[in-house]
Amino acid sequence: QVQLVESGGGLVQAGGSLRLSCAASGRTFSLYAVGWFRQAPGKEREFVAAISHSGGDTYYADSVKGRFTISRDNAKNTVYLQMNSLKPEDTAVYYCAAAPGGIFGYRLTFNGEYLYWGQGTQVTVSS
């Protein structure tokens, strides 16, 4: 039903910045919370950030607090992840995902709560 497409990944040096975009289909986008996850080679998929359906509440992994910012523009059916002060350990494939609007709080840190996933975009940070 809901399709998500990530873009904006690339290769940057440590200390640089990137902005990822997650474009969603459908007029029901505003009913979904959206999260960003990442997966590095040989590691489990991990939570990065999430935003409530209204955009009023945000959540971040400790590893990215103060460096990453999640936001959304429901009129454009798009969620963004602004990544600043990038580190080599941020290197991963980044995925966006959508969860029902009734899912909130700590549950948004669990990948099992999300119904729809994008294909991912590669972020590589060199030292």
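Data block above holds the structure.
This section reports on the structure supplied with the text. (Residues numbered from 1 in each chain as written. Predicted model: local features only at pLDDT ≥ 70, side-chain atom pairs only at ≥ 80, totals over all residues. Heavy atoms only, no water.)

### A closer look at the environment of A98
Formally: Each helix is a run of DSSP H or I of at least 4 residues and each strand a run of E of at least 2, with the numbering of both proceeding from the N terminus. Contacts are assigned to residue pairs that have any heavy atoms within 4.5 Å of one another.
Assignment of secondary structure puts A98 in strand β9 (residues 92-100). Considered as a pair, A98 and W36 are 62 residues apart in the sequence and their alpha carbons are 9.1 Å apart. Setting aside anything within four residues of it in sequence, one finds A98 in contact with L4, Y32, A33, Y114, L115 and Y116.

### Some thoughts on the pairing of strand β7 (residues 68-73)
Going by this rule: Throughout this description, buried means an accessible area under 20% of the type-specific maximum (1.4 Å probe, protein chains only), exposed means over 50%, and partly exposed covers the range between. If DSSP finds at least two bridges between two strands, the strands pair.
Residues F68, I70 and R72 of β7 are buried on one face, while the alternating residues T69, S71 and D73, pointing to the opposite face, are not. Across six bridges, the pairing between β7 and strand β8 (residues 78-83) is antiparallel. Note that in β8 the partner of S71 across the bridge is Y80. Count of turn residues in the β7/β8 antiparallel hairpin: four residues, of which N77 carries a positive phi of about 55°.

### So, the pattern of salt bridges
Note the following rule: A pairing counts as a salt bridge when a side-chain nitrogen of Lys or Arg comes within 4 Å of a carboxyl oxygen of Asp or Glu.
Going through the model one piece at a time under the given rule, you end up with five salt bridges. The salt bridge involving R38 is made with E46; its shortest N-O contact spans 2.7 Å. Residue class for R38 comes out buried when judged on its relative accessible area of 5%. For E46, a relative accessible area of 29% puts it in the partly exposed group. With a shortest N-O distance of 2.8 Å, D90 and R67 are connected by a salt bridge. You can see D90 sitting in the loop between β8 and β9 and its partner R67 sitting in the loop between β6 (58-60) and β7, a full 23 residues away along the chain. Residue classification places D90 among the buried positions, given a relative accessible area of 0%. Under the relative-accessibility criterion, R67 is labelled buried at 10%. Via salt bridges that share partners, R38, E46, R67 and D90 belong to a single interconnected network.

### Looking at the side chain of S52
Topologically, S52 is positioned in the loop between β5 (46-51) and β6. Under the relative-accessibility criterion, S52 is labelled buried at 9%. Apart from residues no more than four positions distant in its own chain, S52 is found in contact with A33, D57 and R72.

What is shown is where atoms sit, not what they do.
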